[in-house]
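An overview of the molecular structure
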Amino acid sequence: SQQGEEDPQALSIQEGENATMNCSYKTSINNLQWYRQNSGRGLVHLILIRSNEREKHSGRLRVTLDTSKKSSSLLITASRAADTASYFCATDAIQGAQKLVFGQGTRLTINP
Amino acid sequence: DSGVTQTPKHLITATGQRVTLRCSPRSGDLSVYWYQQSLDQGLQFLIQYYNGEERAKGNILERFSAQQFPDLHSELNLSSLELGDSALYFCASSPGRLEQFFGPGTRLTVL
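Digging into the environment of Ala 92 of chain B
Residue and element names in this part refer to chain B. For Ala 92, the location among the structural elements is in strand S9 (residues 87-94). Taking the C-alpha atoms as reference, Ala 92 lies 19 Å from Leu 11; in sequence the two are 81 residues apart. Ignoring sequence-local partners within four residues, the contact set of Ala 92 consists of Ser 31, Val 32, Tyr 33, Tyr 35, Gln 100, Phe 101 and Phe 102.

Here's what the structure looks like:
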């Protein structure tokens, strides 16, 4: 079963606007990661936030993590058409061997 | 380009058949992971190998098996294929317990 649940399932915005995607998870984690997937292609790692971090930035990306609520958000600022893709959060649980558990993803469409 | 390669890109086969998917990790990465992505199940972790040894198992069917060779490349073997096995199969590698680098995937179609 999926550990992460993402919200919304689909998001459509105009180019230049900001896009926010949310992720909730169930168990305690070592870290949470966000990946992007262009249609039918491999996943590309975007950013990793450790369980003791609350916010992280990378270029136009901003990720927050609230371990008390078991939730994370990904903000993409000043969106571009090339940002059109599916975005997945993935958690690395504290218990057990390393394996990433992915959410169902948010399908982001940037309209020109 | 992540540095992870997978072959073949596409595979079309019939029910009951057996196929082998191959993955070469990034240079220096000892861990290899296999994932299955389908419309109904999403992205599911199958199995992890670290330096030739099985490290973790996920939702991998008994009809599926994998191994990692001394040169660190890995193979995923799928046997007695069913229609429901049609999916994208991804391999990923990592240097440690951090981000994973994904290959382009193998699209398997079972007819």
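Details of the pairing of strand S8 (residues 74-78) of chain B
All names here are of chain B. S8 sits mainly inside the fold: five of its five residues count as buried. Where burial is concerned, the two faces of S8 agree: the one with Ser 74, Leu 76 and Leu 78 and the one with Glu 75 and Asn 77 are both buried. Pairing of strand S3 (residues 19-24) with S8, which is carried by five bridges, proceeds in the antiparallel orientation. Paired with Arg 22 across the bridge in S8 is Glu 75. Bridge count between strand S7 (residues 64-68) and S8: five bridges; the pairing is antiparallel. Counted as the bridge partner of Ser 65 is Asn 77 from S8. Connecting S7 to the antiparallel partner S8 that follows it, the hairpin turn spans five residues, and Leu 72 within it adopts a positive phi of roughly 80°.

Details of the pattern of salt bridges
All names here are of chain B. The tally for this structure, following the rule as stated, stands at six salt bridges over all chains. The partner of Arg 26 in a salt bridge is Asp 29, and the shortest N-O contact between them spans 2.8 Å. Looking at Asp 29, the relative accessible area reads 2%, which means it is buried. Here Glu 82 makes a salt bridge to Arg 63, at a shortest N to O gap of 3.6 Å. Residue Glu 82 is located in the loop between S8 and S9, and its partner Arg 63 is located in the loop between strand S6 (53-57) and S7; the two are separated by 19 residues in the primary sequence. One salt-bridge network, held together by shared partners, links Arg 63, Glu 82 and Asp 85.

The rules behind the values
- Residues numbered from 1 in each chain as written.
- Chains lettered and ligands numbered in written order.
- Predicted model: local features only at pLDDT ≥ 70, side-chain atom pairs only at ≥ 80, totals over all residues.
- Heavy atoms only, no water.
- Helix = DSSP H or I, 4+ residues; strand = E, 2+ residues; numbered from the N terminus.
- Contact = heavy atoms within 4.5 Å.
- Buried < 20%, exposed > 50% of the residue type's maximum accessible area, 1.4 Å probe, protein only.
- Pairing = 2+ DSSP bridges.
- Salt bridge = Lys/Arg side-chain N within 4 Å of Asp/Glu carboxyl O.

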